[in-house]
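Each chain, written out:
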Amino acid sequence: FPSHDIGSEKSLPIMIIGEAPGETEDQVGMPFMGVSGKVLDSYLSAHDLQHFSYITNIVKCRPEKNRTPTTEEIKNCAPYLEDQIRALKPKVIVTLGKSAMAGLQVIGTIQDPKSIEWKKPDVHSNFYFEDSVYPVIAIYHPSYYLRQKNALSSNTWDEFETNYDAKFLKVKSYISCLSELPIA
């Protein structure tokens, strides 16, 4: 796999997909190494998910001026993502932000994508890829999380953070039934 991935090539139950490498990620050669990565790491660690997660991006190269990837860029990188999904066979896919969700729609089908509710922690969809169906949980990108922290009132922020945390609990619920994983 390209160097912009974290996790081994063995099958891990959680596949986390972000948008594209940022400046720090491009320099380090791994996804989510900057401030957004610290947010993601804190939630994965809080729920003991960090050792069960493979982290990648829809686009493998940093877009010019850190802009949102174009459809053409997403399509050009799609074969890498397809290979990663085939090799990993995750039990659940987590998309971080709208670009990650858009990238999945390039290579497969998302069941009723308009019904995906980013704010509600108990809502998920299914991703159909080749002969497999994967639960997909949409979570706000950590950079959005960071922007909200400063933009929302205290009460609204508390609700946002509670729902954000609940999404990771939902991820944990998908893999906690797997007997080979020591998840409390």
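We now turn to the structure provided with this report. Per-chain numbering applies: the sequence of each chain, read as written, is numbered from 1 onward. Selection of residues for local features in this predicted model requires a pLDDT of at least 70, selection of side-chain atom pairs for listing and counting requires 80 or more, and totals for whole chains, interfaces and linings are taken over all residues. Side-chain measures here rest on the full set of heavy atoms in the structure, leaving out hydrogens and waters.

### Some points on the packing of helix H3 (residues 71-88) against helix H4 (residues 98-107)
Relative placement of two packed helices is described by the angle separating their axes and the distance separating the axes.
Right, on to step 1. At a closest axis distance of 9 Å, the pairing of H3 and H4 adopts a crossing angle of 80°. With respect to H4, the element H3 is oriented roughly perpendicular. In this structure, H3 uses Ile74, Lys75, Ala78, Leu81, Glu82 and Ile85 to contact H4, whose residues at the interface are Ser99, Gly103, Leu104, Val106 and Ile107.
Right, on to step 2. Three residue categories are used. Nonpolar comprises Ala, Val, Leu, Ile, Met, Phe, Trp, Tyr, Cys and Pro, charged comprises Asp, Glu, Lys and Arg, and polar comprises the others, including Gly. Here the residues of the contact of H3 with H4 sort into seven nonpolar, two polar and two charged. An axis is simply a line fitted to the C-alpha atoms; with a helix, the fit covers only the stretch in contact. Between two such axes, the angle follows the N-to-C directions and lies from 0 to 180 degrees. Runs of E in the DSSP output that reach at least two residues are strands. Runs of H or I that reach at least four are helices, and both are numbered from the N terminus. By the definition adopted for this analysis, an angle is roughly parallel if under 35 degrees, roughly antiparallel if over 145, roughly perpendicular if from 65 to 115, and oblique otherwise. The contact rule is simple, with two residues in contact once any of their heavy atoms fall within 4.5 Å.

### Overview of the sheet that holds strand E5 (residues 125-129)
Right, on to step 1. If you walk across this open sheet you meet the six strands as E2-E1-E3-E6-E5-E4, and the pairing is mixed. A single partner strand is all that each edge strand has here, and the edge strands are strand E2 (53-57) and strand E4 (109-110).
Right, on to step 2. At least two bridges found by DSSP between two strands are what make those strands a pair. Across five bridges, strand E1 (residues 14-18) lies against E2 in parallel orientation. What sits directly across from Ile16, in E2, is Ile55.
Right, on to step 3. Against the sheet, H3 contacts E1, E2, strand E3 (92-96), E5 and strand E6 (132-139), and its axis sits at roughly 165° relative to E1.
Right, on to step 4. Packing against the sheet, H4 makes contact with E1, E3, E4, E5 and E6, and its axis sits at approximately 130° to E3.

### Things to note about the packing of aromatic side chains
Right, on to step 1. When two rings of Phe, Tyr or Trp (its six-membered ring) have centres within 6.5 Å they constitute a pair, described as stacked for plane angles under 30 degrees, edge-to-face for angles over 60, and tilted for the intermediate range. Under the criterion given, the structure shown has 14 aromatic pairs.
Right, on to step 2. Where Tyr43 meets Phe168, the ring centres are 5.1 Å apart and the plane angle is 20°; that geometry is what we call stacked. Here Tyr43, found in helix H2 (residues 35-46), pairs with Phe168, found in helix H6 (residues 154-175); they are 125 residues apart in sequence, far enough to count as distant. One exposure class covers both Tyr43 and Phe168, and it is buried.
Right, on to step 3. Centre to centre, the rings of Tyr145 and Tyr164 are 4.7 Å apart; their planes meet at 40°, and the pair counts as tilted. Of the two residues, Tyr145 sits in helix H5 (residues 142-151) while Tyr164 sits in helix H6, which places them 19 residues apart along the sequence. The buried label applies to any residue whose accessible area, calculated with a 1.4 Å probe on protein chains only, is under 20% of its type's maximum; exposed applies above 50%, and partly exposed to all values in between.

### Description of the pairing of E3
Right, on to step 1. Summarising burial for E3: five of the five residues are buried, a large majority.
Right, on to step 2. Side-chain alternation along E3 places Val92, Val94 and Leu96 on one buried face and Ile93 and Thr95 on a second face that is also buried.
Right, on to step 3. Looking at chain direction, E1 and E3 are connected through four bridges and run parallel. Of the residues in E3, the one forming a bridge with Ile14 is Val92.

### Considerations on H5
Right, on to step 1. Here H5 has its buried residues at Pro142, Tyr145 and Gln148. The buried residues of H5 all sit within an arc of 110° when viewed along its axis, so they share a single face. The exposed residues of H5 that point more than 90 degrees off its buried face are Arg147, Asn150 and Ala151.
Right, on to step 2. Where H5 is buried, its residues contact H2, E3 and H6. Each direction from the helix axis to a C-beta atom contributes to the arc, which is the arc of those directions.

### Examining the environment of Cys61
Right, on to step 1. Tracing the backbone through its elements, the reader meets Cys61 in the loop between E2 and H3.
Right, on to step 2. Classification of Cys61 as exposed rests on a relative accessible area of 52%.
Right, on to step 3. Taking C-alpha positions, Cys61 is 9.8 Å from Gly29, a pair spaced 32 residues apart along the chain.
Right, on to step 4. Beyond its immediate sequence surroundings of up to four residues, Cys61 is in contact with Ala20 and Pro21.

### Some words on the side chain of Asn126
Right, on to step 1. As for its placement among the helices and strands, Asn126 is situated in strand E5.
Right, on to step 2. Under this definition, polar contacts are N or O atom pairs within 3.5 Å; protein pairs additionally need one hydrogen-donor-capable and one acceptor-capable atom, and for neighbouring residues in sequence, both atoms have to be side-chain atoms. A polar contact of 2.8 Å, which involves the side chain of Asn126, links it to the side chain of Gln111.
Right, on to step 3. Apart from the residues within four sequence positions on either side, Asn126 is in contact with Thr109, Ile110, Gln111, Val133, Tyr134, Pro135 and Val136.

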